[in-house]
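Descriptive analysis of the structure
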Amino acid sequence: MLTDTGIILPNFTELRVYPSFTEIRQQYNAPKNFKMYFTRDVYSNIVRGSLSIEGIPIESKQLVSKANNLENQIVFLRRSVNEQPQECRVIQGDDLLLQDNQTKRYIHAQRNELEYVTTPEQEGTEIIYVLKQQGKATLSYQMHGISWSTQYELNILTDDCQHTIQAFAEIINGTKQEYNIDRVELLANDVILQRESGLKRRCFRLRSRSRSRSRSDSSDEYDEDFDELDLTPSVTVQKELADFHLYSINQPFVLLSKSTFSLPFLNPTIQISKFVGLSLPFTTYSQIQKLERKYRIESIDKFLPAGPITIREQGRLVGVISLPDMTVGDKHTLSSGQDSDVSLNRQVKLISKERHSAVYTVHLTFKNVKSIPVKFEYEEIIDNENIHFKIIVKGSDEQRTDMQVTANGIQIENKNSLLAANGGQQIYEYEVHTKNIKKRNNTMHKRKRKD
């Protein structure tokens with residue numbers, strides 16, 4: 001930051017990191033004329049209108065764009081490695097129009113072709129605050145480019161799902177700015193920035209009126225660099241604040257530009273069960289399907305922020321899946337792909353059919369060729385608002401106990417026994433009665449019009 005006498009550094013820097021943006025708060029011993037300068041790369045990530053001063057009343061605020069003023073400066077142009085550099089004078093800095101000092105001809109150049117005699121100025125924006133008096137002030141602003149996420153590592157050690165789980169907080173700095181940080185707060189809940197939403201809507205309207213508008217340089221994607229850092233700080237779980245789940249890092253550290261800084265945090269207790277399962281829409285044709293490997297996770301004692309979870313069984317990778325936000329007591333089922341050893345043979349037979357109704361028999365055969373028994377679940381969904389359906393379960397008392405008719409179909413769970421190993425089978429049967437409501441209503445509507 002700049003003053004009339006030079007650069008001043010903040011006394012304290014705090015980052016409040018949300019999932020999609022960050023609020024930066026820096027404390028200064030501010031003079032009455034308080035100036036700060038942001039390079040173009042940094043300023044383009046700042047949310048428009050978010051810069052503010054706290055602690056001292058503001059009398060005025062001014063933003064001034066500073067161009068990379070190369071005009072009339074001497075530079076050397078080198079087109080290739082083997083070519084001698086040409087001494088040139090900059091005529092126009094915005095498009096790098098040069099004049100060769102020997103030939104007096106005018107040429108355009110690229111920035112990577114130039115060699116400078118002095119360090120060129122960076123383009124940027126200067127903000128000038130006139131404060132009511134000098135003193136301690138906090139500069140705050142929101143910016144994109146710095147965010148955080150949770151990564152989970154789950155290792156299932158035994159067939160009865162004894163496990164270990166570890167959670168990591170990853171702070172991602174996608175900007176070109178390095179930050180010396182005194183304190184960090186990580187907030188698991190995101191915030192909608194209304195001023196930014198309004199700006200995006202206005203920009204959308206402007207773009208719809210003019211297709212010639214070019215994209216901003218700030219939209220360039222950056223290459224992620226993952227730096228290995230000394231993980232001396234630690235994350236402390238704070239109390240829930242205004243419906244926000246908050247975690248803090250109170251030790252100072254350096255967040256390098258284009259880096260990801262990871263710290264272990266949380267030590268959650270979860271309950272996990274493993275099974276195979278399948279969910280299918282109701283169809284009137286037969287099919288053979290493989291069931292999917294599934295894991296049901298329940299959070300026992302802590303809120304779990306959303307993030308990818310890497311699952312290993314006895315050290316072997318079996319899936320990387322996205323976990324949603326989970327409060328204490330929440331259950332979530334994860335699917336990690338097909339299990340080639342457990343299959344379903346679904347046979348459908350038409351029993352009767354009328355103009356707007358039909359009756360089908362559905363015969364399910366689950367088969368397990370693994371060397372161990374497995375637990376399985378099945379769901380069949382009738383998702384059609386124009387069809388009224390009724391399901392009648394068949395079979396023995398034990399089979400009917402496993403089947404449950406729901407508001408949108410049927411669920412099957414082998415509650416009393418596992419699907420036996422080495423070719424074991426379990427069979428279920430039910431009838432599905434359907435009526436086409438839409439066609440009946442259309443027919444009644446036509447009759448009314450004729451009357």
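**Some points on unusual backbone geometry**
With a phi close to 70°, N72 is a non-glycine residue in the positive phi region. Residue position: N72 is located in the loop between β7 (58-66) and β8 (74-77). The backbone phi angle of L96 is positive, close to 55°, even though this residue is not glycine. Position of L96 among the secondary structure elements: in the loop between β9 (86-92) and β10 (97-100).

**Observations concerning the confidence of the model for the protein**
In the predicted model, the protein carries a mean pLDDT of 85, and 84% of its residues have values of at least 70. Counted against residues more than four places away or in other chains, residues 206-231, with its pLDDT under 50, gives 25 contacts.

**Some details on the environment of R400**
Locating R400 in the fold gives a position in helix α3 (residues 397-402). Under the relative-accessibility criterion, R400 is labelled partly exposed at 35%. When the C-alpha atoms of R400 and I412 are compared, they prove to be 9.1 Å apart, with twelve residues separating the residues in sequence. Once residues within four sequence positions are removed from consideration, R400 is found in contact with V393, K394 and G395. A polar contact is formed between the side chain of R400 and the side chain of D397, at a distance of 2.4 Å.

**A closer look at the sheet that holds strand β22 (residues 259-265)**
Paired through their backbone hydrogen bonds, the strands of a sheet run either parallel or antiparallel. Strands sit in the order β22-β16-β15-β25-β26 across an open sheet of five strands; the sheet is mixed. A single partner strand is all that each edge strand has here, and the edge strands are β22 and β26 (316-323). Adjacent strand axes in the sheet meet at a mean angle of 25°, parallel and antiparallel pairs treated alike. The pairing of strand β15 (residues 146-156) with strand β25 (residues 307-313) spans five bridges and is classified as parallel. For Y152, the partnering residue across the bridge sits in β25 and is I309.

**Quick word on the sheet that holds β9**
On the basis of which strands lie adjacent, the open sheet formed by five strands has the order β11-β10-β9-β8-β12 and antiparallel pairing. Across the chains shown, the open sheet's two edge strands, defined by having one partner strand only, are β11 (106-108) and β12 (114-116). For this sheet the average axis-to-axis angle between neighbouring strands, irrespective of direction, equals 45°. Direction of pairing for β8 relative to β12: antiparallel, over a ladder of three bridges.

**What about the packing of aromatic side chains?**
A full pass over the atoms with the stated rule returns 13 aromatic pairs. When the ring of W148 is compared with that of F265, the centres are 5.9 Å apart and the planes differ by 80°; the resulting orientation is edge-to-face. Of the two residues, W148 sits in strand β15 while F265 sits in strand β22, which places them 117 residues apart along the sequence. Since its relative accessible area comes to 5%, W148 is described here as buried. Between F366 and Y428 the ring centres are 6.1 Å apart and the planes differ by 75°, which places this aromatic pair in the edge-to-face class. Of this pair, F366 sits in strand β28 (residues 357-368) while Y428 sits in strand β33 (residues 424-436); the two residues are 62 residues apart in sequence, bridging distant segments of the chain. Like F366, the residue Y428 is buried in the burial classification. If you follow K375 out to its NZ or CZ, it ends over the ring of F275, 5.4 Å from the centre.

Conventions used here
- Residues numbered from 1 in each chain as written.
- Predicted model: local features only at pLDDT ≥ 70, side-chain atom pairs only at ≥ 80, totals over all residues.
- Heavy atoms only, no water.
- Helix = DSSP H or I, 4+ residues; strand = E, 2+ residues; numbered from the N terminus.
- pLDDT = per-residue confidence, 0-100.
- Contact = heavy atoms within 4.5 Å.
- Buried < 20%, exposed > 50% of the residue type's maximum accessible area, 1.4 Å probe, protein only.
- Polar contact = N/O pair within 3.5 Å; in protein donor to acceptor, adjacent residues only side chain to side chain.
- Pairing = 2+ DSSP bridges.
- Axes fitted to C-alpha atoms, helices over the stretch in contact; angles between N-to-C directions.
- Phe/Tyr/Trp six-rings, centres within 6.5 Å; stacked < 30°, edge-to-face > 60°.
- Lys NZ or Arg CZ within 6 Å of the ring centre and 35° of its normal.

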